[in-house]
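Geometric and topological summary
Each chain, letter by letter, is given below.
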Amino acid sequence: MKTKNSSLIRVADEVWIATALLHRENPGRADFSIEEIVERAARENLAGINRPGVYAHAVSHCVANRRPSPNRCMMLFESGAGRRRLFRKGDTYDVAREGSKVTPAAEGIPEEYQSLLSWYREWSRESTPESQIPDPLLALAGSGASVWTNETGDEYVKRLRQGWE
């Protein structure tokens, strides 16, 4: 078992832990800035040092809906410019990340953070990803079907253009 301040903890796992702690401590917040995640990781000091890779992982390496570069983890979701939250089933993601790691392996994180894994399972089950909230424009699909029931698209355009010179 890895202990706190062990340099063996993966940077991706460090980022996930920091983000999970922010979510658990701030249940009313939907997401966090990259800087908040990096600062939270620094406060936890999981590796015993502030590793520069934490920032790179929070920016892109762990972000499911960004192109893999080079890491394929799907631990975070980019909810807006410079904003991140934990990834949940149902979120959109880059297909090149398909099937990759969403949470740390229990044996890869210090014991005092193990409870975050069960917290995450519950949190992700209760939450509705933004990608599952219906897009108001897409919800209009098919709403004008009655316009086309008695004429083709070409006939409709021809009728609209009557009187044009």
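Below or above, wherever it landed, is the structure these notes cover. As the structure is a prediction and not an experimental result, all values here were calculated from the model.

Side note on the pairing of strand E3 (residues 83–86)
The sheet contact formed by strand E1 (residues 32–33) and E3 spans two bridges and is antiparallel. Across the sheet, Ser 33 pairs through a bridge with Arg 83, a residue of E3. Pairing analysis gives four bridges linking strand E2 (residues 76–80) to E3, with the strands arranged antiparallel. Each bridged residue has a counterpart across the sheet, and for Gly 80 the counterpart in E3 is Arg 83. Joining the antiparallel neighbours E2 and E3 is a turn of two residues, in which Gly 82 adopts a positive phi near 70°.

Remarks on the packing of helix H1 (residues 11–25) against helix H3 (residues 53–61)
If you want to describe how two helices pack, look at the angle between their axes and the distance between the axes. Where H1 contacts H3, the axes come no closer than 9 Å and their chain directions differ by 70°. One way to sum up the angle between H1 and H3 is to call them roughly perpendicular. Remark: the crossing between H1 and H3 carries right-handed chirality. Where H1 approaches H3, its residues Val 11, Ala 12, Glu 14 and Val 15 are matched on the opposing element by Gly 53, Val 54, His 57 and Ala 58. Along the lines of polarity and charge, the residues of the contact of H1 with H3 split into five nonpolar, two polar and one charged.

Some words on unusual backbone geometry
Keep in mind that most residues, glycine aside, have a negative phi and that most peptide bonds are trans. With omega at -15°, the peptide bond leading from Ser 69 into Pro 70 counts as cis. Along the chain, Pro 70 falls in the loop between H3 and E2. Backbone geometry places Asn 45, a non-glycine residue, at a positive phi of 55°.

About the criteria used
- Residues numbered from 1 in each chain as written.
- Predicted model: local features only at pLDDT ≥ 70, side-chain atom pairs only at ≥ 80, totals over all residues.
- Heavy atoms only, no water.
- Pairing = 2+ DSSP bridges.
- Helix = DSSP H or I, 4+ residues; strand = E, 2+ residues; numbered from the N terminus.
- Axes fitted to C-alpha atoms, helices over the stretch in contact; angles between N-to-C directions.
- Parallel < 35°, antiparallel > 145°, perpendicular 65-115°, else oblique.
- Left-handed = near helix turned anticlockwise from the far one by under 90°.
- Contact = heavy atoms within 4.5 Å.
- Nonpolar A, V, L, I, M, F, W, Y, C, P; charged D, E, K, R; others polar.

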